[in-house]
Amino acid sequence: MAVDTMTPVQAKARAIVPAKRESQFGLMWRRFRQHRLALVSLWVVAAFYLVAVLAEFLAPTDPSAYSARYTYAPPQGIQLIATEPDGSWSFQLHVNGYKTEIDPVALRRTFVIDPEERIPVQFFVPSKPYLLAGFIPMSVKLIGVTEPRAPFYVLGADRLGRDLLSRLIHGTRISLSIGLAGVTLSLFFGIIIGGFAGYYGGWFDTAVMRVVEFIRSMPTIPLWLGLAAAMPKDWSALQTYFAITLILSLIGWTELARVVRGRFLSLRTEDFVTAAQLDGASDWRIITRHMVPSFMSHIIAAATLAIPGMILAETALSFLGLGLQAPIVSWGTLLQDAQNIRTLATAPWLLTPGICVVVIILSMNFFGDGLRDAADPHGR
């Protein structure tokens, strides 16, 4: 029988398992999960973008479909329990119908929820054929009423009798895609222009910084209004969409360019950059393969914090009538119906897009703060 002559120190050293190396993004994710509010905000943002992708499937009706019979119809609300006159109850997904009354003061017709009328609601209801995300043919909706002519206004109707929920879902795609596309272009301009300004310096750096300071010194809203008003009135809705995205990108790249430029000024004297230069690497390879990846986490955090500004800019321009216009549906164009105080007194549910704007802006800001803290190498 063999005798184990291993000392306690050797046994302890043998039991130690080599630690697994963790990537930079792995470290960021581990630290990000400790930020509870940012983690919840990440799920909220993901839910909004999922709604934007599946807009045609989630929207109960066509956003442009209208019914003059249900102008400013109030929200119905989905009911889960049906109560019978004898006091019994059962589980039944339904909405209550409407009945009309005459306002004795204003002498106009108003809608009132009729609790006695039940309209059955079911999931995966058949619908007219459509293309999900523009290329997937489908003919079913997530939720809807079994009777095609029955009213179904979960969040109410607007001045033309259009379903606010369906328009809100489709508006989510436009507003969030403008923010994402605008930040993508801003990233491209900011990294390229700021990177070359910080790497080469000299007259190019001076010229870029003067342009950045000039743009940032101008009042933001008048600048947006002036650029948006310069667009031709005969442009199509799609051309206006791309023009608004380009305008927001041309303004939003300045902050990122300053951040990238400052990082390049500090990195170009580091040893790994000098070693790459002595090894014969080109300037483009040094910038793209060595310098940019070293602070990619900061770029991601800056981009996350810039998206809310893009969404607010589009919403403000469309709300003032100088951005996107009908028939494009965005949160800003939906809020145009809420400009009238009298309308708000009659139909306060028209402010629902404003609630969505507040929720997504706060969620993206909390998400960006958590991402920035996770990417900070000097943080705890």
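What counts and what doesn't
Residues numbered from 1 in each chain as written. Predicted model: local features only at pLDDT ≥ 70, side-chain atom pairs only at ≥ 80, totals over all residues. Heavy atoms only, no water. Helix = DSSP H or I, 4+ residues; strand = E, 2+ residues; numbered from the N terminus. Buried < 20%, exposed > 50% of the residue type's maximum accessible area, 1.4 Å probe, protein only. Core = buried A, V, L, I, M, F, W, Y, C linked by side-chain atoms within 4.5 Å. Contact = heavy atoms within 4.5 Å. Pairing = 2+ DSSP bridges. Axes fitted to C-alpha atoms, helices over the stretch in contact; angles between N-to-C directions. Polar contact = N/O pair within 3.5 Å; in protein donor to acceptor, adjacent residues only side chain to side chain. Patch = residues over 30% accessible without salt bridge, like charges linked within 9 Å, V, L, I, M, F, W, Y side chains within 5 Å. Areas by Shrake-Rupley, 256 points an atom, 1.4 Å probe, with all protein chains shown as cover. Salt bridge = Lys/Arg side-chain N within 4 Å of Asp/Glu carboxyl O. Phe/Tyr/Trp six-rings, centres within 6.5 Å; stacked < 30°, edge-to-face > 60°. Lys NZ or Arg CZ within 6 Å of the ring centre and 35° of its normal. Parallel < 35°, antiparallel > 145°, perpendicular 65-115°, else oblique. Left-handed = near helix turned anticlockwise from the far one by under 90°. Nonpolar A, V, L, I, M, F, W, Y, C, P; charged D, E, K, R; others polar.

### What about unusual backbone geometry?
So, point 1. The backbone of Y72 shows a phi angle near 55 degrees, a positive value even though the residue is not glycine.
So, point 2. Tracing the sequence through the fold places Y72 in the loop between α4 (55–58) and β1 (79–83).
So, point 3. A relative accessible area of 25% means that Y72 is categorised as partly exposed.

### Focus on the nonpolar core
So, point 1. Counting residues in each nonpolar core, the largest one holds 31 residues, and the members touching the most others are I178, I244, I311, L324, W331 and I360.
So, point 2. Elements supplying a minimum of two residues to this core: α3 (36–53), α5 (164–200), α8 (237–267), α11 (296–319), α12 (331–335) and α14 (352–375).
So, point 3. The residues contacting L324, other than those within four sequence positions of it, are I174, I178, T240, Y241, I244, E314, S318, S330, T333 and Q336.
So, point 4. Counting 16 residues, the second largest nonpolar core, distinct from the first, contains I119, Y130, I143 and V145.

### Remarks on the pairing of strand β2 (residues 89–102)
So, point 1. Bridge analysis of β1 against β2 gives 4 bridges, and the strand direction is antiparallel. If you follow I81 over to β2, its bridge partner there is F91.
So, point 2. Alignment of β2 against strand β3 (residues 109–132), held across 9 bridges, turns out to be antiparallel. Bridged to E101 within β3 is T110.

### Notes on the sheet that holds β2
So, point 1. In spatial order, the strands read β1-β2-β3-β4; together these 4 strands make up an open sheet with antiparallel pairing. The open sheet terminates on both sides in strands that have one partner only, identified here as β1 and β4 (136–145). Averaged over all pairs of adjacent strands, the angle between strand axes in this sheet comes to 55 degrees, irrespective of strand direction.

### Observations concerning the side chain of S186
So, point 1. Checked against the element boundaries, S186 lands in helix α5.
So, point 2. Dropping the residues within four chain positions of it, S186 is found in contact with L248, S249, G252, W253, L256 and M310.

### Some remarks on the side chain of S363
So, point 1. Along the chain, the position of S363 falls in helix α14.
So, point 2. Among the polar contacts made by the side chain of S363, one reaches the main-chain carbonyl oxygen of V359 at a distance of 2.8 Å.

### Considering a nonpolar patch on the surface
So, point 1. Together, I78, L80, I81, W89 and F91 make up an exposed nonpolar region whose accessible area comes to about 580 Å².
So, point 2. Contributing elements (two or more residues each) for the nonpolar patch: β1 and β2.
So, point 3. Within the secondary structure, I81 sits in strand β1.
So, point 4. On the basis of relative accessibility, which here comes to 43%, the residue I81 falls in the partly exposed class.

### Considering the packing of aromatic side chains
So, point 1. For the structure on display, the rule yields 10 aromatic pairs.
So, point 2. Between the aromatic rings of F32 and F367, the centroid separation amounts to 5.6 Å while the plane-to-plane angle is 90 degrees, which identifies the pairing as edge-to-face. Remark: F367 occurs in helix α14 and F32 occurs in helix α2 (residues 24–32); sequence separation between them is 335 residues.
So, point 3. Residue F367 is classed as buried on the basis of its relative accessible area of 16%.
So, point 4. Taking the centre distance of 6.3 Å and the plane angle of 25 degrees together, the rings of F196 and W284 count as stacked. Placement of the pair is F196 in helix α5 and W284 in helix α10 (residues 283–294), with a sequence separation of 88 residues.
So, point 5. For F196, a relative accessible area of 24% puts it in the partly exposed group.
So, point 6. Put simply, the rings of F196, Y199, Y200 and W284 touch in pairs and so form one group of aromatic residues.
So, point 7. It is K141 that lies over the ring of Y130; its NZ or CZ is 4.6 Å from the centre.

### With respect to the packing of helix α9 (residues 271–278) against α10
So, point 1. Interaxial distance between α9 and α10 falls to 11 Å at its minimum, and their mutual angle equals 150 degrees. With respect to each other, α9 and α10 are oriented roughly antiparallel. Remark: the crossing between α9 and α10 carries right-handed chirality. Two secondary-structure elements touch here, α9 through F272, V273, A276 and Q277 and α10 through I286, H290 and M291.
So, point 2. Among the residues making up the contact of α9 with α10, the classes are represented as 5 nonpolar, 2 polar and no charged.

### Things to note about the pattern of salt bridges
Should their charged atoms come close, side chains of opposite charge can pair.
So, point 1. Scanning the model with the defined rule gives 5 salt bridges in all.
So, point 2. With its nearest N and O atoms 3.8 Å apart, the salt bridge here joins R167 to D158.
So, point 3. With relative accessibility at 10%, the residue R167 sits in the buried group.
So, point 4. Taking the shortest distance from any N to any O, the salt bridge between D205 and R261 comes out at 2.8 Å. Of this pair, D205 sits in helix α6 (residues 202–217) while R261 is found in helix α8, placing the two residues 56 residues apart along the sequence.
So, point 5. Accessibility expressed as a relative area gives 9% for D205, which makes it buried.
So, point 6. On the basis of relative accessibility, which here comes to 22%, the residue R261 falls in the partly exposed class.

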